[in-house]
Amino acid sequence: MADDEAAEPVADEPAPEETEEAGDDEADPEAERLAEKQETYKQKVKTLHATTLDARAQLAEAFFQLGNASQCLESLSGHEIDPLSAKAALGLPFDAGEETDDSQTFLELIEGAERAKATAGVMQEAFHGSFGEGMQNALLGPLEAELEAFARTEAFVAKKHAAVMEARHYRDKCAALNASSKTKDQEKLARNQEKSTEAAAAETVATSDLAGAMKAHDAAREDLVINRVTELKGMLHRFCELVLTALSMEPAMIQLTKGKTELDRANIYGDVNVESAMARLRRGVATMTTGSRTETASMKFAHMRKHAATTFTLASKNVKNEDAEEGADPLALEVDEMAKRYEKARAVLEQLRGTVEKLSKWYESGFEQLAAVAGELAAVVPEDELARNPEKTQAVLQFHATLEEARAALQATFLEPTANQVVAPLAAGLDAYADLGPMLKDRRAKALERNHYQAKLAALEQQSLELNAKDGASDKAKQQMQERLERNRTKAFETDEQAKADALACRDRLRAFSFFSREQCTEVAKAIVPLQRGFYVALAEKVVRGMSLDVNATPVDQRAAEKLRALMAKGVVAPQAGMTADKHAATEAVRLRSESGSFRGASGHSGELGLARSLSGFDAPDRPAPSPGGDPMDPTAMAGRKASLSSAETDQVRAYMMAQAAA
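Note that this is a predicted model, so its numbers are computed, not measured.

Quick notes on the overall build of the chain
Item 1. Secondary structure summary: the chain contains 18 helices and 0 strands in total.
Item 2. By residue count, 47% of the 663 residues in the chain fall in the buried class.
Item 3. Taking as baseline every contact in the chain between residues at least 6 positions apart, the subset at least 24 positions apart corresponds to 85%.

In structure tokens form, the structure reads like this:
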């Protein structure tokens, strides 16, 4: 082109941009349609990626809060913050006839806290080993690869556009020169024809590259709909099998597991308290980061150290009574120590309630997001393909429908029972003992008033001795001093008696709170595992029924599916309501059994704030034994059963379930 310009400057070649307007009439409608379709697909992949990140992070937060709840129970099972243990910690003598033997409840609380912590640790490992890594391998990895491929495709689009423009430029130029009869134009035609041939070849290569990229996206779309769904189904089989195994551990296995599993110190899949991936996507912020991948052990440790200040910790300090003096009132010392322990215990109880509420919140949000992932995965399939290839798209639609059913099961088998049996009793109990704070504050004020008058009386007695020993002191002055002494002796006596009465009232109230704390925490420890087990049995039943594995499933997934079916057939939660075929029967059975629950109030009588003691068999001896030939799923018969069934009873339960399913 430089030679052409030197020979005839007035015949300068137009730039490709100058010919672009002339070629607008030649725009390819099919190319525009494909570009629009590709952009729609790209946005769906971005949405699916962000939704998947949120689902994994929110479910991981639920398991993280599960560990926090078990740590709360562990702290509350220690003598360091138990108000009832204050007298023994101070080494004070017990009064005759004073009730001190509550060791059985405390032992049950310790055992329940150990079981809850061991189970939570194993469940967290099960989540990381199946769901966390499984979601990365099954869906997030391919989605991130597809997002990276979009960048390459955009480069191919730009390359093709430039090649088309250049080819069009030389093609139009050659046509103009070919129509000219000038000799110089014919010489230029030969040179431009060669360049036109090269541009046409470059256009062909660019078109082929773009077509290959588009075919790769079509293959990735089909992979998402078919192969990814297959892996996700296998992942859920592994997840349910591992979690149900953890929830069904025998006491001997819990003892072996205790102390060998470390609870999560942070949610390594994302901070749910900051902006979600979906919210960032809506704002136009990229969500595809390397942080979305499963972190290594070193990265996890670094994350733990960075956020050590915000992780759940509770330091148990050694009890030191700095106010203790020789000859101090034992009752006052005991109440002072009990008050310190009460403040710590109440704080942990409130944290336990908040943690269980967060557990329910993130369970609900996580499974809602998981169902949304399935919905976005189904949305990746074009509507015309749904009608054209129903056999290929049926799996993803069934996958979505099953997860929507799981959300309904979560509400009936876990969220509502947890709110009624755990959160509500804790909240009601804490509200019932809310008067302890003002009582203790008023007692401290009365104690200060007593100390004031005692100190004033001692000073007046000293002044009286000095006055009586002084020569020349008048009888009137002595009489006035004596009157002051009498008034202050009366005042000191009254304030001392009031302080003792307040101390006794506070001690009795603190003891009642301690009984409530012990028994309520015991019920929470006993209920948290069965409640989750009931939900995961319902989830496993839906996974086994609605997500049957394909013939090309991996051996690992097939073994997990076999183990899961074996657990279901074995009746891992036969004593629990979650084993029933009707999801509403679960809630009803638990409600009937919880009506007999109670905790010890201030007067030692039964209250209405306790959990269902039947879940633990706490008051089983007081219940009538079930009839040998009764309905194994009858709530009245179940109320008297222990935490495990015999083989014959398990067979009865299985037969009942099969009959219900057939009906």
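Some thoughts on the confidence of the model for the chain
A low pLDDT means the predicted coordinates there should not be read in detail.
Item 1. Of the residues in the chain, 71% reach a pLDDT of 70 or more, and the chain-wide mean stands at 75.
Item 2. Every residue in residues 1–25 is under pLDDT 50, and counting partners more than four places away or in other chains gives 31 contacts.
Item 3. Low pLDDT (under 50) marks residues 289–326, which in the prediction has 43 contacts with non-local residues, meaning those over four places away or in another chain.

Details of the packing of aromatic side chains
Item 1. Under the counting rule described, the total for this entry stands at 19 aromatic pairs.
Item 2. Ring centres of Phe63 and Phe127 lie 4.8 Å apart, and the angle between their planes is 25 degrees; on these two criteria the pair is classed as stacked. With Phe63 in helix α3 (residues 29–76) and Phe127 in helix α5 (residues 103–178), this pair connects stretches of sequence that are 64 residues apart.
Item 3. Measuring from ring centre to ring centre gives 6.3 Å for Tyr363 and Phe367, while their planes differ by 25 degrees; the resulting arrangement is stacked. Taken as a pair, Tyr363 and Phe367 lie in helix α10 (residues 330–379) at a separation of 4 residues, close to a single helical turn.
Item 4. In this structure Tyr363 comes out as buried when scored by relative accessible area, which is 1%.
Item 5. A residue is classified by how much of its surface remains accessible, and Phe367, at 3% relative accessible area, is buried.
Item 6. Three or more aromatic residues link up through ring pairs in this structure, and these residues are Phe63, Phe127, Phe131, Phe239, Tyr269, Tyr363, Phe367, Phe414, Phe535 and Tyr536.

Some points on helix α13 (residues 436–469)
Item 1. With 34 residues, α13 extends 49 Å from end C-alpha to end C-alpha; this agrees with the ideal 50 Å at 1.5 Å per step.
Item 2. Among all positions of α13, only Leu436, Leu440, Arg443, Ala447, Arg450, Tyr453, Leu457, Leu460, Ser464 and Leu467 are buried.
Item 3. Buried positions along α13 lie against α10 and α14 (475–546).

Some details on the packing of helix α6 (residues 183–247) against α14
Item 1. One can describe the packing of α6 onto α14 by two numbers: an axis separation of 10 Å at closest approach and a directional angle of 150 degrees. Between α6 and α14, the angle falls in the class roughly antiparallel. The hand of the α6/α14 crossing is left-handed. Here Leu236, His237, Phe239, Cys240, Val243, Leu244 and Leu247 of α6 lie close against α14, whose contacting residues are Val529, Gln532, Arg533, Tyr536, Val537, Leu539, Ala540, Val543 and Val544.

Points about the side chain of Gln124
Item 1. You can see Gln124 is positioned in helix α5.
Item 2. Classification of Gln124 by relative accessible area gives buried; the value is 1%.
Item 3. If we skip the residues at most four places from it in the chain, Gln124 touches Phe63, Phe64, Gly67, Glu262, Leu263 and Asp264.

Thoughts on the pattern of salt bridges
Item 1. Counted under the stated rule, the structure contains 24 salt bridges.
Item 2. For Arg341, the salt bridge is made with Glu337, and the minimal N-O distance between the two is 3.0 Å. Placement of the pair is Arg341 and Glu337 together in helix α10, with a separation of 4 residues, close to one helical turn.
Item 3. Judged by its relative accessible area of 3%, Arg341 is buried.

Side note on the packing of α10 against α14
Item 1. As a packed pair, α10 and α14 sit with axes 9 Å apart at the nearest point and diverge in direction by 20 degrees. Between α10 and α14, the angle is such that the two are roughly parallel. Two packed elements cross with a definite hand, and for α10 against α14 that hand is left-handed.
Item 2. Considered class by class, the residues forming the contact of α10 with α14 number 23 nonpolar, 2 polar and 5 charged.

About the thresholds
Residues numbered from 1 in each chain as written. Predicted model: local features only at pLDDT ≥ 70, side-chain atom pairs only at ≥ 80, totals over all residues. Heavy atoms only, no water. Helix = DSSP H or I, 4+ residues; strand = E, 2+ residues; numbered from the N terminus. Buried < 20%, exposed > 50% of the residue type's maximum accessible area, 1.4 Å probe, protein only. Contact = heavy atoms within 4.5 Å. pLDDT = per-residue confidence, 0-100. Phe/Tyr/Trp six-rings, centres within 6.5 Å; stacked < 30°, edge-to-face > 60°. Expected span 1.5 Å × (residues − 1). Axes fitted to C-alpha atoms, helices over the stretch in contact; angles between N-to-C directions. Parallel < 35°, antiparallel > 145°, perpendicular 65-115°, else oblique. Left-handed = near helix turned anticlockwise from the far one by under 90°. Salt bridge = Lys/Arg side-chain N within 4 Å of Asp/Glu carboxyl O. Nonpolar A, V, L, I, M, F, W, Y, C, P; charged D, E, K, R; others polar.

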